[in-house]
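# Descriptive analysis of the structure
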Amino acid sequence: MVDTINSQKISELLDNSLENKIEIQTLEKATSTNTLVKDIASEKNEGFLITAGEQTAGRGRMGRSFFSPGDSGVYMSLLLKPKIKPEDAVQITTAAAVSVCRALEKLGVMGSEIKWVNDIYINNKKVCGILTESSFNAQSGMLDFAVLGVGVNIYESKEGFPEEIKDIAGAVFPERRENLRNEFIANFINEFFGFYKELSDKKHLEEYKERSCVLGKPINIIQGESIRSGKATDIDENCNLVVELPDGATEKLYSGEISIRFS
């Protein structure tokens, strides 16, 4: 079954309100879609989108590589020019996470969950990573632009997942469906811009918390070489993870990495 990413088909599925606001460039192969969008951000309007069928240098958070094999996933980066402070850029990431879950549900996939702050899991397997990168204007104190990168394992590649991630990575669909990737991309864009136009209202945040797979769970807090234990109790209005420590103290995490502790 052929499932080719096609800019015209994506455009046809976008909401009428987004007509002429989304410019789509599709590539068979790219180094990193985030890098490509950042390189031409000053020349493009908000809504410029690059999608690629494969990335040779896909990137995740904390400088990690992101496995991006050909003809199996969706790798896309969206240029945004919000009038927000740098510390509020996390709202883009969290709104995108909810939008991915909603987009999958429109395709019949239920049960997607969000692992703070930027990963989507289905059946305890990571199927999506989100990376928001931004440029800061020192004079205005606001963002010049932000690039929202989303990578989704729509199908498992023919070669399978690499040894180092095969126990944690998963794919959304077991079999290929015609036009599926175009439908997912359009669904995501439609959902995301519904939140984005009122981003300061943080209307996505309650749903983000409801979809969390970490709240109420014992976790490991990983900061460099340090690993501490705690319990995730809440996500505040600034998307910080509120953690109860073993001594009863409370700490808010605004960055770093966590893992769910099963024992």
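Below is a summary of the structure that appears in this document. Bear in mind that the values here come from a model prediction, so they are computed numbers and not experimental data. Throughout, residues of each chain are indexed from 1 in the direction in which the sequence is written. Restriction of local features to residues with pLDDT of at least 70 applies here, the model being predicted, together with a cutoff of 80 or more for giving and counting side-chain atom pairs; totals for whole chains, interfaces and linings are based on all residues. The basis for every side-chain value is the complete set of non-hydrogen atoms in the structure, without hydrogens or water.

## Quick word on the packing of helix H3 (residues 90-106) against helix H4 (residues 180-196)
Relative to each other, H3 and H4 sit at 135 degrees, their axes nearing to 8 Å. Judged on the interaxial angle alone, H4 and H3 are oblique. Crossing geometry of H3 relative to H4 is assigned as right-handed. Packed against H3, whose contacting residues are Ile92, Ala95, Ala96, Val98, Ser99, Val100, Arg102, Ala103, Leu104 and Lys106, the element H4 presents Phe184, Asn187, Phe188, Glu191, Phe192 and Phe195 at the interface. For helices, the axis comes from a line fit to the C-alpha atoms of the stretch in contact; other axes are also lines fit to C-alpha atoms, and the angle between any two N-to-C directions lies between 0 and 180 degrees. Counting from the N terminus, the helices are the DSSP runs of H or I reaching at least four residues and the strands are the DSSP runs of E reaching at least two. What sets the label is the angle itself: under 35 degrees gives roughly parallel, over 145 gives roughly antiparallel, 65 to 115 gives roughly perpendicular, and the rest give oblique. In this scheme the handedness of a crossing depends on how the near helix is turned from the far one: anticlockwise by less than a right angle means left-handed, clockwise means right-handed. The contact criterion used throughout is that any non-hydrogen atoms of two residues lie within 4.5 Å.

## Remarks on unusual backbone geometry
The amide bond that connects Trp116 to the next residue, Val117, takes the cis arrangement and shows omega of 5 degrees. Within the secondary structure, Val117 sits in the loop between strand S4 (113-115) and strand S5 (119-122). Here the phi dihedral of Asn124 falls at roughly 65 degrees; this positive angle occurs in a residue that is not glycine. Tracing the sequence through the fold places Asn124 in the loop between S5 and strand S6 (125-137).

## A look at H4
Multiplying 1.5 Å by the residue count of a helix minus one yields the expected span of that helix. Here H4 spans 24 Å end to end across 17 residues, near enough to the 24 Å set by a 1.5 Å rise per residue. Three labels apply to residues, based on accessible area from a 1.4 Å probe with only protein chains included: buried if under 20% of the type maximum, exposed if over 50%, partly exposed otherwise in between. In terms of residue burial, H4 counts as a mostly covered element, since 15 of its 17 residues are buried.

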